[in-house]
Amino acid sequence: IRHGLQDADANEIAQRVLWTVARAAEDFQVGVDHGSFRGWLAKVTSNAVINLVQRESKHRGSGRSSVWELLEQFPEPAAELSRSWRDERRNAVFRLAAQQVRSKFTDEIWTLFWRTAVGGEAIETVANELNKSIGAAYAGRSRVLAAIRKAAVDIEQQEHS
């Protein structure tokens, strides 16, 4: 069973999480009280695991269990999932913003931007291949980045209004 949980424990946690989500999902609002949905869901899951550990501790008396050891291995599951959610969201916003601004630039400038800013190639190498001066390459990449940043801010503002 994944991460050392017994099948029965994993099923119980899944049921409790689903019950909590079903009960609270209608009232959930991103950023109002809970932050991101994934962060909230990770916290709900973490709480379900903690509750299971506490119940096991009362029944076994020792306070130690495979579930407790699992919690010690992953002390901040909500933070990790929240970070993952932010990264995924940032990537999605970047892709959408890039799509929106792509048509504003020549193929040459876009290729230069993409290969250097996204692909990690040396700007000097790409500039030489495209017969651009280093200064023009930096300026072109900078213009594309500025346009993507502005589009990303606009996307964020639209989502929050």
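Worth saying up front: this structure is predicted, and the values here are computed from it rather than measured.

Visitor: Can you walk me through the pattern of salt bridges in this structure?
Guide: Opposite charge on two side chains makes pairing possible when the charged atoms of those side chains draw close. Tallying each qualifying case throughout the model produces five salt bridges. The shortest N-O distance in the salt bridge between Arg115 and Glu121 comes to 2.8 Å. Note that Arg115 and Glu129 form a salt bridge whose closest N and O atoms lie 2.8 Å from each other. Placement of Arg115 in helix H5 (residues 107–118) and of Glu129 in helix H6 (residues 123–129) is noted, with a sequence separation of 14 residues between them. Through salt bridges with shared partners, a single network forms among Arg115, Glu121 and Glu129.

Visitor: For this particular structure, what's the right way to read the nonpolar core?
Guide: If you look at soluble globular proteins, the nonpolar side chains tend to sit buried side by side. Of all hydrophobic cores here, the largest spans 14 residues; its most connected members are Ala97, Val101, Phe105, Trp110, Phe113, Val144 and Ile148. Of all the elements, helix H7 (residues 134–160) adds the most residues to this core, at six residues. The residues touching Val144, leaving out its near neighbours within four places in the chain, are Phe105, Ile109, Trp110 and Phe113. Residues Leu112, Ala127, Leu130 and Ala137 belong to the second largest nonpolar core, which totals six residues.

Calculation rules
- Residues numbered from 1 in each chain as written.
- Predicted model: local features only at pLDDT ≥ 70, side-chain atom pairs only at ≥ 80, totals over all residues.
- Heavy atoms only, no water.
- Salt bridge = Lys/Arg side-chain N within 4 Å of Asp/Glu carboxyl O.
- Helix = DSSP H or I, 4+ residues; strand = E, 2+ residues; numbered from the N terminus.
- Core = buried A, V, L, I, M, F, W, Y, C linked by side-chain atoms within 4.5 Å.
- Buried < 20%, exposed > 50% of the residue type's maximum accessible area, 1.4 Å probe, protein only.
- Contact = heavy atoms within 4.5 Å.

In short, geometric facts, not functional conclusions.
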